[in-house]
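Secondary and tertiary structure notes
Residues per chain are reported as follows:
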Amino acid sequence: MTASTTLDPPRFDGASLLNLAATIDAAVGGAPAYPMLAEARLREPLLDARHLVLWLIDGLGVEPLRALAPDGALAAALDAELEAVFPSSTAPTITMLATARSPAAHAVPEWFVWFDELGAVYRSLPLDARDAAGGRPPLTDVSALYPQPSLASRAGRPCFAVLPATIAGSTYSRYAHAGARRLPYADRAGFMAALAAAVDGSPDGCYVFAYTDAFDATAHEFGVGSAPAHAVARRLDGWFEQASAVMARRGAMLAVTADHGFIDVPAPRRFRLDDFPEVAACLQRPLCGGPRTPFAYVRAEARDGFAGVVERSLGAHFAAVPSDVLLAEGWFGPDDPDPRLRRRIGTHVLLPHGDAWLTDLLPGEKPPTLVGMHGGLSSAERRVPLILAGAARR
């Protein structure tokens, strides 16, 4: 995938993942905080479904789907394209779907998050400290850090979360799916069995959130254009055909989407902060956020000139924008930002122009070797599919 970039903020007026979350919120008996999906052909089947399954395929955006499996079952069933949230990454999106609130409200903006409350940088989903040598244990409760309650905790029907066994019992999963029954799986058969069990055990209706991460992991490691990524996309076609049949036999609605797409970052544009000492000298703590859209905490005396420093050093690849400007323009969502979010996105956000990334290293960290990446502003990263199947295709 290539990076065709726009610096326009996301829109939330009917064709975004946030509008999908609002529609699901309404479908399970909630009072959505945002407009629902604008198109009735997409909105009404979700609202009418007694048994509703949302399957999130991590990383399989529209462009990767069409490039890797253009004649497959998923591509053939594509109903619409939606816009990802900002940044186009898993942590803000999966938390948005789990709470039906935007990143501005849920305050989980990206992978690396500075927690003022703890005085350290943590990974937002594993909830372990980035500085492994610091001796900080992984968190076992995030109720004081993540402000929004789960959608399942206030839903008017039984809820389930079908998750890889490796993460089903994690601190984050317990937070995000509080009120839902978590069903772990280890393989395709376990995934299908969990979906069927959730629906079969809920004769009066239910909501199921299902998540698969194999494509994301493969595209990161080998690249979105790689043979391994192609193979995973083809396997997912088979999963989709089977899941559609399983749900159709039960009269259940299956909605399929992704949290983001991908690009491959060429080796010459995988930048290290060490190579830009003028930029590094302005920072008071490590870069946070993600490699495609880093969050910079700039020392007070360097803030006025920081945009110019970035322009001189990295101007062909990144623009430094004050975080307050992005909040005011609604990049993180239409809500009034939670005060915690303001402290978690730095003083400046580095918006990517093209297909570069920027990382730094703490003592003991190994340089990243990932090829595929997301989190930026390209269409390949921001456009995600929406597919309605199961009962919707009968």
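Okay, so let's go over this structure.

Inspection of the secondary structure puts arginine 157 in the loop between strand 4 (120–123) and strand 5 (159–164). As a buried residue without a salt bridge, arginine 157 has its nearest oppositely charged side chain in aspartate 48, at a separation of 8.9 Å. Only 2.8 Å separates the side chain of arginine 157 from the backbone oxygen of arginine 50, close enough to count as a polar contact. Among all residues touching arginine 157, those that are not within four sequence positions of it are Ala27, Val28, Ala49, Arg50, His51, Leu52, Gly205, Cys206 and Tyr207.

Right, let's get into the environment of aspartate 360. As for its placement among the helices and strands, aspartate 360 is situated in the loop between strand 15 (357–359) and strand 16 (372–373). Spatially, the C-alpha atoms of aspartate 360 and aspartate 335 are 31 Å apart, while their sequence positions differ by 25 residues. In this structure the side chain of aspartate 360 is engaged in a polar contact, spanning 2.8 Å, whose partner is the side chain of arginine 130. One polar contact links the side chain of aspartate 360 to the main-chain amide nitrogen of leucine 287, over a distance of 2.8 Å.

Here the focus is the pairing of strand 1 (residues 51–57). Taken across its seven residues, strand 1 has seven buried, putting it largely inside the fold. What you see with strand 1 is no split at all: His51, Val53, Trp55 and Ile57 on one side and Leu52, Leu54 and Leu56 on the other are buried throughout. Across seven bridges, the pairing between strand 1 and strand 7 (residues 206–212) is parallel. Bridge pairing in strand 7 links leucine 56 to tyrosine 211. Summarising the sheet, strand 1 and strand 8 (residues 253–257) pair through five bridges and their orientation is parallel. Note on strand 8: the bridge partner recorded for leucine 56 is threonine 257.

Within the open sheet, the seven strands sit side by side as 2-17-8-1-7-5-6. Their pairing is mixed. Of all the strands in the sheet, just strand 2 (80–83) and strand 6 (181–185) have a single pairing partner and so form its edges. Pairs of neighbouring strands in the sheet enclose a mean axial angle of 20 degrees, with direction left out of account. Along the sheet, helix 8 (residues 188–200) makes contact with strand 1, strand 5, strand 6 and strand 7, crossing strand 7 at roughly 170 degrees.

Definitions and cut-offs
- Residues numbered from 1 in each chain as written.
- Predicted model: local features only at pLDDT ≥ 70, side-chain atom pairs only at ≥ 80, totals over all residues.
- Heavy atoms only, no water.
- Helix = DSSP H or I, 4+ residues; strand = E, 2+ residues; numbered from the N terminus.
- Buried < 20%, exposed > 50% of the residue type's maximum accessible area, 1.4 Å probe, protein only.
- Lys, Arg positive; Asp, Glu negative; His and termini not counted.
- Salt bridge = Lys/Arg side-chain N within 4 Å of Asp/Glu carboxyl O.
- Polar contact = N/O pair within 3.5 Å; in protein donor to acceptor, adjacent residues only side chain to side chain.
- Contact = heavy atoms within 4.5 Å.
- Pairing = 2+ DSSP bridges.
- Axes fitted to C-alpha atoms, helices over the stretch in contact; angles between N-to-C directions.

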